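# Tertiary structure, described
The residues making up each chain are set out below.
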Amino acid sequence: MPDLVIFDCDGVLVDSEHLAGEALIALHEAHGIEVSRALFASIIGMKTVDGLAALAASTGRALPPGAEADLWPATAAVFRERLKPCEGVVELLAASDLRRCVASSSHPDRLRLSLRVSGLDAYFPEDAVFSASEVRRGKPAPDLFLHASARMGVDPGRCVVIEDSRFGITAAKTAGMTAIGYTGASHMGPAAADALRAAGADHVFGSMAEIAERLRQI
């Protein structure tokens, strides 16, 4: 059995990426910048600042100065109204006594809101929730997962990471951890499983029930 299970938040604990995409695309559209769903999908798993920089490079246009500040209020509004846990995750958390934590690219305000609105804060104490804002490099660098394992006092080789993005899978494997890809969230397309395997995922599953069974076998 692993000594620690590290959960990504967006797209793993909460079905949030399609909602975050709506807010981000609308903000860019308000400033005359077209961001397709496919282009948004290419930045899922990145820190916000890295993702916005990647979008600017792809579109050839950056948001005007200060516009980034409007992204979080718009995202928070749609989260409060429509955010839900990923299907089966509550059952997995309630039935498992494995040590666990969260390590997310989201900034702390978004991370706290996501867990609170979804009711998943009951399963993760504050000292077991880590944001990429706490490290220098975001995913696909391993910094966040290594930071989380160090704070939890667990050797990286005894950690299992559950991720929905190729950046997260790469980060987990670079950190020396077992990586499980999850493809059950709303934003995942038919090619998602292959993309996670290509990034190095040790296992890829479409349901939390399958992940729960695999955790019992590791």
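Quick caveat, the model's predicted, so the values are computed rather than measured.

Tallying each qualifying case throughout the model produces one aromatic pair. Ring centres of phenylalanine 7 and phenylalanine 124 lie 5.9 Å apart, and the angle between their planes is 75°; this geometry places the pair in the edge-to-face category. Taken as a pair, phenylalanine 7 in strand S1 (residues 4–7) and phenylalanine 124 in the loop between helix H6 (108–118) and strand S3 (129–131) lie far apart in primary sequence, 117 residues in all. As far as the burial class goes, phenylalanine 7 and phenylalanine 124 line up, both buried. The cationic tip of arginine 100 hangs over the ring face of phenylalanine 124; the distance from NZ or CZ to the ring centre is 6.0 Å.

This part covers helix H10 (residues 208–217). Listed as buried for H10 are Met208, Ile211, Ala212 and Leu215. End-on, the buried residues of H10 take up no more than an arc of 100°, which puts them together on one face. Residues of H10 that are exposed and angled more than 90 degrees away from the buried face: Ala209 and Arg216. Against the buried residues of H10 lie S1, helix H5 (89–95), strand S4 (159–163), strand S5 (178–182) and strand S6 (203–205).

Quick look at the pairing of strand S2 (residues 100–104) now. Along S2, five of the five residues are buried, which leaves the element largely enclosed by surrounding structure. Of the two faces of S2, both are covered, the one formed by Arg100, Val102 and Ser104 as well as the one formed by Cys101 and Ala103. Bridge analysis of S1 against S2 gives three bridges, and the strand direction is parallel. Residue isoleucine 6 lies in a different strand from S2, and its bridge partner there is cysteine 101. Inspection of the sheet shows S2 paired to S3 by three bridges, in the parallel sense. Counted as the bridge partner of alanine 103 is phenylalanine 130 from S3. Between the parallel pair S2 and S3, the chain is carried across by H6, and the sense of this crossover is right-handed.

Cut-offs applied
Residues numbered from 1 in each chain as written. Predicted model: local features only at pLDDT ≥ 70, side-chain atom pairs only at ≥ 80, totals over all residues. Heavy atoms only, no water. Phe/Tyr/Trp six-rings, centres within 6.5 Å; stacked < 30°, edge-to-face > 60°. Helix = DSSP H or I, 4+ residues; strand = E, 2+ residues; numbered from the N terminus. Buried < 20%, exposed > 50% of the residue type's maximum accessible area, 1.4 Å probe, protein only. Lys NZ or Arg CZ within 6 Å of the ring centre and 35° of its normal. Arc of directions from axis to C-beta. Contact = heavy atoms within 4.5 Å. Pairing = 2+ DSSP bridges. Right-handed = clockwise from strand over helix to strand, strands pointing away.

Everything listed here is a matter of geometry and, on its own, says nothing about what the molecule does.
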